[in-house]
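Descriptive analysis of the structure
The lines below spell out each chain.
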Amino acid sequence: MGTAGRRAEAADSAAARGVRAGRAAWEASDRDIPAARGERHRHGGRAGAAYEGGPEQRPVYKPLWIEEPARRRRMPDPVREAAVRAVLIIALTLIQAVVAFLCTLAGSWLAFPMVISGVASTVVATWAALDVWVTRQVWKQRNGVVSTPSSTARALRRERRRARRDARAAERAQERIRRQGGAGRLSHP
């Protein structure tokens with residue numbers, strides 16, 4: 001490692017120490033705990049290590065959220081599209097039902113057409129909900145299901161493979177016997 005590499009490494013470690021100090025001061029100020037060593041607060045008072053180290057040191061802010069790994073796998077694209085479509089249709093149907101109810105209470109002429117269209121949109125919303133289920137089943141059939149070691153399907157496939165392997169081995173043995181010309185002979189003279 002050359003001199004330039006050592007200088008860069010020293011600068012990186014100094015920056016890391018500054019970041020750690022800034023984070024500690026920020027956490028201390030976040031909990032209303034007075035910070036150590038006369039560090040500056042962002043409003044000009046003494047409480048955080050944000051600007052003591054010079055222009056290369058920046059204040060450290062706590063992230064707004066912390067990403068966590070997903071608990072479940074993401075839905076396949078066609079299924080997700082069908083689900084979004086169903087949610088939008090169902091939401092519009094509910095809005096339409098509320099408007100029909102309010103028009104009925106108000107005695108408006110619009111009440112009858114809204115009730116009729118509400119019945120029609122209820123049928124469409126039911127179809128949309130069933131579409132999600134059908135799309136999910138079709139996707140599973142086309143793309144397969146993740147099989148676990150205890151799965152019945154996997155055990156059946158394993159048995160079928162073993163039976164085919166044994167049948168091929170027996171066939172090869174029969175072919176070998178026929179090639180050697182020993183058809184029907186049990187032992188060689």
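Residues numbered from 1 in each chain as written. Predicted model: local features only at pLDDT ≥ 70, side-chain atom pairs only at ≥ 80, totals over all residues. Heavy atoms only, no water.

1. A few points about the nonpolar core
Judged by nonpolar contacts, A82, A83, A86, A128 and V132 together constitute the single largest core of five residues. Sort the elements by how many residues they give to this core and helix α2 (residues 77-106) lands first, with three residues. Not counting residues up to four positions away in its chain, the partners in contact with V132 are A82, A83 and A86. (Core = buried A, V, L, I, M, F, W, Y, C linked by side-chain atoms within 4.5 Å. Buried < 20%, exposed > 50% of the residue type's maximum accessible area, 1.4 Å probe, protein only. Helix = DSSP H or I, 4+ residues; strand = E, 2+ residues; numbered from the N terminus. Contact = heavy atoms within 4.5 Å.)

2. Looking at the side chain of D131
Of note, D131 is situated in helix α3 (residues 111-143). Not counting residues up to four positions away in its chain, the partners in contact with D131 are A82 and R85.

3. Re the pattern of salt bridges
Applying the stated criterion to the full structure yields four salt bridges. Among the salt bridges present, the one from R74 reaches D77, with a minimum N-O distance of 3.7 Å. Relative accessible area serves as the criterion here: at 65%, R74 is assigned to the exposed category. With its nearest N and O atoms 2.5 Å apart, the salt bridge here joins D77 to R80. Of this pair, D77 and R80 are both found in helix α2, three residues apart, which corresponds to roughly one turn of the helix. Using a relative accessible area of 43% as the deciding quantity, one classes D77 as partly exposed. Taking relative accessible area as the criterion, R80 reaches 25% and is therefore assigned partly exposed. (Salt bridge = Lys/Arg side-chain N within 4 Å of Asp/Glu carboxyl O.)

4. Details of the confidence of the model for the chain
Confidence along the chain averages 77 in pLDDT terms, with 62% of residues attaining 70 or more. Segment residues 38-50: pLDDT under 50, and 32 contacts once partners within four positions in sequence are set aside and those in other chains are kept. (pLDDT = per-residue confidence, 0-100.)

5. A look at a nonpolar patch on the surface
A surface patch of nonpolar side chains, amounting to about 430 Å² of accessible area, comprises V98, F101, L102 and L105. Inspection of the secondary structure assignment puts L105 in helix α2. Judged by relative accessible area, which is 60%, L105 ranks as exposed. (Patch = residues over 30% accessible without salt bridge, like charges linked within 9 Å, V, L, I, M, F, W, Y side chains within 5 Å. Areas by Shrake-Rupley, 256 points an atom, 1.4 Å probe, with all protein chains shown as cover.)

6. Focus on α2
Taking 1.5 Å as the rise per residue, α2 with 30 residues should run 44 Å; its terminal C-alpha atoms sit 43 Å apart, in good agreement. Within α2, the full set of buried residues consists of V79, A82, A83, A86, T93, Q96, A100 and C103. Taken together, the buried residues of α2 touch α3. Directly beyond the C-terminal end of α2, a positive phi value near 75° is found at G107. (Expected span 1.5 Å × (residues − 1).)

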